[in-house]
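# Secondary and tertiary structure notes
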Amino acid sequence: MSNPTSSKPTSAAAPAGPRIPTVDLRPWLSGDADTRAAIARTVDEALQTAGFLLVTGHGVDPGLRAGVREAARAFFALPAEVKERYAVKVGGRGWLGPGAEANGYSEGTETPPDLKESLSFATHEPFDDPAVNAEWYAPNVWPAEAPELRALCEEYLDRMGELEKELLTLLGDALGLESDFFSRHMDHPTYGFNINWYPGIEVVGEPEPGQFRIGPHTDFGTVTILDRQAGKGGLQVYTDEGGWEDAPFDPAAFTINIGDLMARWTGDRWRSGRHRVLPPPADPPAEELMSLVYFGECSPGTIVESVPAPVGRVAYEPFDSHVYLRGQLDSITVE
């Protein structure tokens, strides 16, 4: 694992580098065939290297994003004994308190627990199948102490679902496949949604060796849609060419990365974007960041078959999407 103290500081003004381009969805939605083909090529090339994109032109109101943060901040500021009423383990709906999660475990690395708290929500519409309901659906728990949170989050999640489907359509085209190659598996998808709070050192204390706000990992699903804030203790992305580098930041953009499920689906043509969130910095020690993280998945029971060569590079045995996802979620839970 790289030493985080040797990493370059994050700059809020850093432009998107060549490995992580910015894609404007407006010409994708309304442009001519040549314009759309050029965007699809850009996406394909980026996902083969870092597994990340920045996306603008998405139409999501910045006021909605700010509103979710403000409502969540009111919850995170509550005393621990109040938040404890909503405590859950990874995969549950409620509060993931300090010490609940260590994302580095998913890579087989035993690290100290991640230095964060999360409010965790998920699929809010039940399924017709009782067995699927039992495993993947439970009513979301909305803290009474943050009464504005539910309406804001449900509106935000509706917008994320729409954006996810549009991104999956773009990904189908980027592979030269049918536009609905991925999106047709979204008739009733599961998803996860975390509001991650990264407090400063005065709250969490000095980080232990090898401890991060979120340890090095890849995500598990199809596409992750991240609304983040810039900071010295912020997001880093790993590439073979550059190692760990600060992720480019644009306050108007969503940061998009693909997860393990999508990488396997493409026969490892695209890489699951490896990333981490640095520990809180000593300067400024009070730095506080908050991320809104939507983890896209697909409909339960989807059988994932790797795209064949020459598009795909590795032929995985077909597998059930949600058997795979459950195993990944279990791997990062701190007992």
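Model, not experiment: these values are computed from the prediction.

## Here we look at the nonpolar core
- Grouped together as the largest cluster of nonpolar side chains are 60 residues, with contacts concentrated most on V43, F76, L149, L171, F193 and I195.
- Element by element, the count of residues in this core is highest for helix 6 (residues 149-174), at eleven residues.
- Residues within four places of I195 in sequence aside, it is in contact with V68, A72, F76, E117, S118, L119, F121, L149, C153, M290, S291 and L292.
- One finds L235, V237, L289 and V293 within the second-largest nonpolar core, a separate group that totals 14 residues.

## Notes on the confidence of the model for the protein
- A residue-level look at the protein finds 93% of positions with pLDDT of 70 or above and a mean pLDDT of 90.
- Confidence drops under a pLDDT of 50 for residues 1-18, and excluding neighbours within four residues, the segment shows 34 contacts in the predicted structure.

## Here's the deal with the sheet that holds strand 7 (residues 223-227)
- Strand order across the open sheet formed by eight strands is 1-2-10-7-12-5-4-3, with mixed pairing between neighbours. Pairing within the sheet leaves two strands with one partner each, and these edge strands are strand 1 (22-24) and strand 3 (94-96). The average angle at which neighbouring strand axes cross in this sheet is 25°, direction not considered.
- In this sheet, strand 12 (residues 289-296) lies alongside strand 5 (residues 191-198) in antiparallel orientation, the contact comprising eight bridges. What sits directly across from G192, in strand 12, is F295.

Rules of the game
- Counting starts from 1 at the beginning of each chain's written sequence and moves along it residue by residue.
- With pLDDT at 70 or above as the cut-off, local features in this predicted model cover only qualifying residues; side-chain atom pairs require 80 or more to be listed or tallied, and sums for whole chains, interfaces and linings still use all residues.
- Values shown for side chains rest on all heavy atoms present in the structure; no hydrogens or waters enter the calculation.
- To form a nonpolar core, buried Ala, Val, Leu, Ile, Met, Phe, Trp, Tyr and Cys residues must be joined to one another through side-chain atoms within 4.5 Å.
- The buried label goes to any residue with under 20% of its type's maximum accessible area, the exposed label to any with over 50%, and the partly exposed label to all in between, with areas taken from a 1.4 Å probe on protein chains only.
- Here a helix means four or more residues in a row that DSSP labels H or I, a strand means two or more in a row labelled E, and each is numbered from the N terminus.
- Contacts were defined at the residue level, with two residues in contact if any of their heavy atoms lie within 4.5 Å.
- Here pLDDT means the predictor's own confidence in every residue, given as a number from 0 to 100.
- At least two bridges found by DSSP between two strands are what make those strands a pair.
- Here the axes come from fitting lines to C-alpha atoms, over the contacting stretch only for helices, and the angles between their N-to-C directions go from 0 to 180 degrees.

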